[in-house]
Amino acid sequence: MSNTDFALAVEDLTVSFDGFKAIDAFNLYINTNELRVIIGPNGAGKTTLLDLICGRTKASAGSIKFKNTELTRMAEYQRVRLGIGRKFQTPSIYENLTVFQNLEVSFPKGRTVMGALAFKCDDEVKARVQVVAEDIFLSDRLDLEAGLLSHGQKQWLEIGMLLMQSPELLLLDEPIAGMSARERDLTAELLQRICKGRSVIVIEHDMEFVKRIAHKVTVMHQGKLLAEGPMAQVQADPKVIDVYLGH
Ligand code: ADP
Ligand code: MG
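Rules used in this analysis
- Residues numbered from 1 in each chain as written.
- Chains lettered and ligands numbered in written order.
- Predicted model: local features only at pLDDT ≥ 70, side-chain atom pairs only at ≥ 80, totals over all residues.
- Heavy atoms only, no water.
- Pairing = 2+ DSSP bridges.
- Helix = DSSP H or I, 4+ residues; strand = E, 2+ residues; numbered from the N terminus.
- Phe/Tyr/Trp six-rings, centres within 6.5 Å; stacked < 30°, edge-to-face > 60°.
- Buried < 20%, exposed > 50% of the residue type's maximum accessible area, 1.4 Å probe, protein only.
- Axes fitted to C-alpha atoms, helices over the stretch in contact; angles between N-to-C directions.
- Parallel < 35°, antiparallel > 145°, perpendicular 65-115°, else oblique.
- Contact = heavy atoms within 4.5 Å.
- Nonpolar A, V, L, I, M, F, W, Y, C, P; charged D, E, K, R; others polar.
- Core = buried A, V, L, I, M, F, W, Y, C linked by side-chain atoms within 4.5 Å.

### Side note on the sheet that holds strand E1 (residues 8-17)
Alright, step 1. In space, the four strands of this open sheet follow the order E2-E1-E4-E5, with antiparallel pairing throughout. In this open sheet, the two edge strands, each paired with only one partner strand, are strand E2 (20-30) and strand E5 (69-70).
Alright, step 2. Relative to strand E4 (residues 61-66), E1 runs antiparallel, the two being bridged by five bridges. In the sheet register, Val10 faces E4, and the bridge partner there is Ile64.

### Digging into the packing of aromatic side chains
Alright, step 1. Summed over all chains, the structure comprises two aromatic pairs.
Alright, step 2. Taking the centre distance of 5.2 Å and the plane angle of 40 degrees together, the rings of Phe6 and Tyr29 count as tilted. One end of the pair, Phe6, is in the segment before E1; the other, Tyr29, is in strand E2, and 23 residues separate them in sequence.
Alright, step 3. Given the relative accessible area of 15%, Phe6 is considered buried.

### Describing the packing of helix H5 (residues 151-163) against helix H6 (residues 181-194)
Alright, step 1. For the pair H5 and H6, interaxial distance at closest approach is 11 Å and the crossing angle is 10 degrees. Regarding the angle of H5 to H6, the classification is roughly parallel. Counting all contacts with H5, which are made through Gly152, Gln153, Trp156, Ile159 and Leu163, the residues of H6 involved are Glu183, Leu186, Thr187, Leu190 and Ile194.
Alright, step 2. Within the contact of H5 with H6, the residues separate by chemical class into six nonpolar, three polar and one charged.

### Focus on the side chain of Thr98
Alright, step 1. Within the secondary structure, Thr98 sits in the loop between strand E6 (84-87) and helix H3 (99-105).
Alright, step 2. When neighbours within four sequence positions are excluded, Thr98 is seen to be in contact with Leu142, Asp143, Leu144, Glu145 and Ala146.

### Things to note about the nonpolar core
Alright, step 1. Ile39, Leu103 and Leu157 are the most contacted members of the largest nonpolar core, which totals 50 residues.
Alright, step 2. In contact with Ile39, other than residues within four places in its own chain, are Lys46, Glu204, Met207, Val210, Val217, Thr218, Val219, Met220, Val234 and Tyr244.
Alright, step 3. Phe66, Met74, Leu171 and Met220 belong to the second-largest nonpolar core, a separate cluster that totals 26 residues.

### Regarding the pairing of strand E9 (residues 216-221)
Alright, step 1. Here strand E3 (residues 35-39) pairs with E9 via four bridges, running parallel. Residue pairing across strands places Ile38 opposite Thr218, the latter belonging to E9.
Alright, step 2. Bridge count between E9 and strand E10 (residues 224-229): five bridges; the pairing is antiparallel. Each bridged residue has a counterpart across the sheet, and for Val217 the counterpart in E10 is Gly229.
Alright, step 3. Between E9 and the antiparallel strand that follows it, E10, lie two residues; Gln222 among them carries a positive phi value of about 50 degrees.

What follows is the structure, encoded as C-alpha cells:
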C-alpha cells in the first residue's frame, strides 16, 4: 500500500514548544473504516497530536495529509469543512439548550442543497437529528435540557454534534471519562458502528475498553512512536510494559 492510499497520513510530524519537542518526527497512517486507539503515559503527546491534526496547534515541521490534501498550513475551520471533527476531553455542549437544539445547531450551514428553501431545509435537518439521536442513544431525550443529562450522555451528545457534520475523520480524546459501566458498553458499540465509512482515532487509558474497540493500537512515548499493532502484540511488547502498562 502506498502512502497516498491512506485516509490520513502523518509523516515526520514535529512540534516544538520553546525548544521542547512534544511531537517528534512522528508517523501515523490510518485507513477508512478504521478505529485506531492511541495510548501512552501522561505527557506522551497524544492530545497534542490531535491538536495538530485538527489545526488547533500549528506543526513546526512535517506533513499531515488527509485524503491526499496537505493540512498543515490550513486553518482549523477549513479542516472542519474537509470533514475533520474533534472531541475534546471535557464535553462542550450548550447546557441550556435541549438535546434536539444542540444537534440542530451543529448541522453545517450552507452544506444543504436546499439553499433558500428554508422549510425543506428544516425537514432535512430534523431528519438528520433523528438519525443521529438514535446513533447516540438519545432519541427519547430530545426535549430534555442538555444540562440535565448524565455525564456519559453529555459525552454522547458531543459525539452526536460532530456526527451532524458527517465527518470523515473523527478525533476523540478520552470519550468514556466519567461513564458508568453500562454507558461504556454502549459507547464501545457506538464507536464500532460509527467508524464504518470513516476513520476514527480514540485516545484512551482504560485497557479493557481499548481491547474491545481497537483495530490497531498506537503507543506514544515522549512525542515518538513506541509501538504499533494489534492489542495483543502491543500488550506483550516489553518496551510498552516498561514505559506504560507496567505502572
Ligand atoms: P498527553 O495527552 O499524551 O498526556 P499532551 O499532548 O497533553 O500529552 O502533552 C505533551 C507534552 O507537551 C507535555 O509535556 C505538555 O506539557 C507539553 N505541551 C502540550 N501543549 C503545550 C503548549 N501549548 N505549550 C507548551 N507545552 C505544551
Ligand atoms: Mg491528553
